[in-house]
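Residues per chain, in single letters:
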Amino acid sequence: MVKIKSCLKWLFVGLIILFIYAPIMLLTVYSFNASDTISSWNGFSLDHYEYFFNMDNQPLPIVLQTLALAIVVATLSTLLGTIGAIGIFYSKKRTASALNSINQIPIINAEVVTAISFAFLVVAIGLPKYTYVPLIFGQMVLCTPFVVLSIIPKLKQMDNNLYEAALDLGATPTKALFSVIIPQILPGIIAGFLLAVTLSLDDYVIAEYTKPNTFDTISTHIYSLSKGSQVEVIKSSYWAFTAIIFLIIVIAVIVMNVRTGKKAGKRQ
């Protein structure tokens, strides 16, 4: 009976993993396909990778400018989210509860509603789209609340006595902030930054409504492709990009787990 329960448990886990990773694995396999369509396998080829890494083609420059946008948005969102999380944590109970509720509105709200509302605001105040300010601010509205949610649990876990002890020993509030609080919540800040990068890369709706006409992200570029001889070639080159990102994530997770295991072994 115990063996049956154990087998069912691992079968259930295996089905969940298969459901999550099967599409990514399929794209990874077909990134080495000589064909530009998934409907047929024409043999092993690196043509998609060669096309993707050619700077004269569209995909790589668009990926690079999307990554640059994501880093800018994530940096600003992390800075604003860190300040907001610390402010919420040290506010009075009613104020903190109200601010937490306000912070959750962009998270619960549909992204398309946020995008359209922000687009109306941009038009109302006459902010030109070619400045990239609407695009950056729009994605910050999306990313910052998630940064706050990543940092607040770390603030609740930290030892407040260390901050008070730093003040008692003569440190200024600013010195105590950067010497005591920031180091303790740094994992939450890093997690918030990475989450903001992911959200920015994944965003389509806000980018579509707020981006300059001469600028494209990965999502807006793929959606804007019309029928033509090069469309399938461009789309299939993104399979290579998917495989590369998946490989990087797998390597990063393995390295982090190995490092965590070594640290746990040294403590024991």
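This report concerns the structure included in the present document.

Analysis parameters
Residues numbered from 1 in each chain as written. Predicted model: local features only at pLDDT ≥ 70, side-chain atom pairs only at ≥ 80, totals over all residues. Heavy atoms only, no water. Helix = DSSP H or I, 4+ residues; strand = E, 2+ residues; numbered from the N terminus. Rg over C-alpha atoms; globule rule 2.2 N^0.38 Å. Buried < 20%, exposed > 50% of the residue type's maximum accessible area, 1.4 Å probe, protein only. Contact = heavy atoms within 4.5 Å. Areas by Shrake-Rupley, 256 points an atom, 1.4 Å probe, with all protein chains shown as cover. Lys, Arg positive; Asp, Glu negative; His and termini not counted. Charge placed at Lys NZ, Arg CZ, Asp CG, Glu CD. Phe/Tyr/Trp six-rings, centres within 6.5 Å; stacked < 30°, edge-to-face > 60°.

A look at the overall build of the chain
Helix and strand content of the chain: 11 helices and 0 strands. N-terminal to C-terminal, the α/β element order of the chain is α-α-α-α-α-α-α-α-α-α-α. A compact globule built from 268 residues should have a C-alpha radius of gyration of about 18 Å, whereas the chain, at 23 Å, is more than 25% larger. Of all 268 residues assigned to the chain, the portion counted as buried reaches 33%. Nonlocal contacts in the chain, meaning residues at least 24 apart in sequence, comprise 69% of its contacts between residues at least 6 apart. Total accessible area on the chain is roughly 16,800 Å²; 69% of this is exposed by carbon and sulfur atoms. With 18 positive and 13 negative side-chain charges, the chain shows a separation of 17 Å between the mean positions of the two kinds.

Remarks on the packing of aromatic side chains
Evaluated as defined, the whole model comprises 9 aromatic pairs. Aromatic side chains Y30 and W41 sit 5.7 Å apart centroid to centroid with 80° between the ring planes, which places their arrangement in the edge-to-face category. Highlighted residues: Y30 in helix α1 (residues 2-30) and W41 in the loop between α1 and α2 (47-52), separated in sequence by 11 residues. According to the relative accessible area criterion, Y30 is buried, its value standing at 16%. Each ring, one from Y204 and one from Y223, has its centre 4.4 Å from the other, and the planes form 35°; the classification is tilted. Highlighted residues: Y204 in the loop between α8 (173-202) and α9 (205-210) and Y223 in helix α10 (residues 218-224), separated in sequence by 19 residues. Judged by relative accessible area, which is 61%, Y223 ranks as exposed.

Any functional reading would require information beyond the geometric quantities listed.
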